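Each chain is listed here by its residues.
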Amino acid sequence: MSKFRKKGKKGQPAVNTAALPDIVFMLLFFFMVTTVMRETSLKVENKTPKATEVAKLEQKSLVAYIYIGKPIKKLQAAFGTAPRIQLNDAFKTLEDIALFVEMEKDARDQVERNKITWSLKVDEKTKMGIVTDVKQKLRKANALKLNYSTKKTDKISN
Amino acid sequence: MAKREISEINAGSMADIAFLLLIFFLVTTTMDTDTGLIRKLPPVLDITEPPPPIKQRNIFEILVNANDQLLVEGEYIQVTELRAKAKEFIKSDPTNPNMPEFKMTEIPRLGVVPVSKQIISLQNDNGTSYEMYIKVQNELVGAYNELRNEFAQQKFGKPYTELVQKSGSSDAIKEKMKAVKKFYPQRISEAEPKKVGGSE
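Predicted model, so just to flag it, every value in this text is computed and none were measured.

(A) Focus on the pairing of strand S1 (residues 35-40) of chain B. Strand direction decides the pairing type here: strand S2 (residues 55-56) of chain A and S1 of chain B, joined by two bridges, are antiparallel. Directly across from Ala55 of chain A, in S1 of chain B, lies its bridge partner Gly36 of chain B. Two elements, strand S7 (residues 145-149) of chain A and S1 of chain B, share five bridges in a ladder whose sense is antiparallel. Each residue of the ladder has a partner; that of Leu146 of chain A, found in S1 of chain B, is Arg39 of chain B.

See the structure below:
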């Protein structure tokens, strides 16, 4: 008929997905920048106690972690059930703490060395004996700013 | 010679690859920051100098045994009662001869004020559980925080926690925060642990 005749059937036009990769990339970059990889794999049981008066540790780069607790189930055959100290990725003894403190201090800038917080992640079932020993070692190594890692709760019970 | 046509690279699967990476980072990312009770250890002292004598009335004695029982000022109490007791002690009472003494101290922004000479002495056993230790620490920190909040509210019309949060923004607030801190200084002394009573 006329030359303005519509060609064939006109369906719904497909949604343009050309911008989809851009959106995904944006999200990807966000997570890539904010992500902090888990540096250590836990070798000890670590269920920290709960407290009401907790404060946040602001600068993650200025925190060094010391884990104390029973070895996890898988390792109990080899290491027994007595509480152990884990520094970085391995079980260590009390004598290694001084060296650990030095290494953590060395890894940071001169100005930040005295601002390191030593976060004690201790399992709630641990007895105080080993914790006190660790504290004494830290004291001798001049690592005085401690954090007892706890989870926040509204109320504590007896 | 005929020009060979270069076919366009198909970028359709780019989104898939990006998705894959995105999911990887979503899973591995940890957003939570560590929280906890922040404490300072005392530096190592020379043993040659004997510690200055402290009057019994200025010391609030807390003992925790291996069975996680509390003895406060010679009285057996529950951990939930500790906060109120500690608050009463830290605040002190000038009319009560068993409560801590006061020392007139000059504090910027407050002038010369009586500051109580309280010291909390905490002693735990080697067999005390870490959970109990944290509970006691938490109650003590809580007692100080509550008193500081009350005092800051009364003096500056803002709770202490708010002063701490905003202390970075102005020097005036920081000064106020320091004044409150000086009025109720946190003095928790931890004795070297002893192996007393109770089994491990």
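(B) Seen up close, the interface of chain B and chain A. With 51 residues of chain B in contact, the opposing surface of chain A contributes 53 residues. Between chain B and chain A, the buried area comes to about 4700 Å², and carbon and sulfur atoms account for 63% of it. By the criterion of area lost to chain A, the three top residues of chain B are Asp34, Leu41 and Tyr130 of chain B, representing 18% of everything that side buries. Across the contact surface, chain B and chain A share two salt bridges. In this structure, Glu190 of chain B and Lys135 of chain A form a salt bridge, with 2.7 Å as the shortest nitrogen-oxygen distance. For the side of chain B that touches chain A, the secondary-structure elements that each account for two or more residues are helix H1 (14-28), S1, helix H2 (79-91) and helix H3 (130-156) of chain B. Split into classes, the residues belonging to the side of chain B that touches chain A amount to 23 nonpolar, 16 polar and twelve charged.

(C) How the structure looks around a nonpolar patch on the surface. A contiguous nonpolar patch, built from Leu20 of chain A together with Phe19, Ile23, Leu26 and Val27 of chain B and spanning about 440 Å² of accessible area, is present on the exposed surface. Counting residues per element, the nonpolar patch draws most heavily on H1 of chain B, which supplies four residues. Relative accessible area serves as the criterion here: at 37%, Leu20 of chain A is assigned to the partly exposed category.

Rules used throughout
Within every chain, residues take consecutive numbers counted from 1 along the sequence as written. Each chain is given a letter, starting from A, and each ligand a number, starting from 1, according to the order in which they appear as written. For this predicted model, a pLDDT threshold of at least 70 governs which residues receive local features, and a threshold of 80 or more governs which side-chain atom pairs are given and counted, while totals over whole chains, interfaces and linings are taken from all residues. Hydrogens and water molecules were not included; the side-chain quantities draw on all heavy atoms of the structure. At least two DSSP bridges between two strands are required for those strands to pair. Only runs of H or I of at least four residues qualify as helices and only runs of E of at least two qualify as strands under DSSP, and these elements are numbered from the N terminus. Two residues qualify as a contact provided that any one of their heavy atoms is within 4.5 Å of a heavy atom in the partner residue. Throughout, the accessible surface (probe 1.4 Å) given up by two parts as they are put together, summed over both, is called the buried area. By convention in these notes, a salt bridge is any Lys or Arg side-chain nitrogen within 4 Å of a carboxyl oxygen on Asp or Glu. Asp, Glu, Lys and Arg are counted as charged, while Ala, Val, Leu, Ile, Met, Phe, Trp, Tyr, Cys and Pro are counted as nonpolar; the rest, among them Gly, fall into the polar class. Every patch collects residues that have over 30% relative accessible area and no salt bridge, joining them within 9 Å if they carry like charges and within 5 Å if they are nonpolar side chains (Val, Leu, Ile, Met, Phe, Trp, Tyr). Working definition of accessibility: Shrake-Rupley area with a 1.4 Å probe, residue cover restricted to the visible protein chains. Relative accessible area decides the class of each residue, using a 1.4 Å probe on protein chains only: under 20% of the type maximum gives buried, over 50% gives exposed, and in between gives partly exposed.

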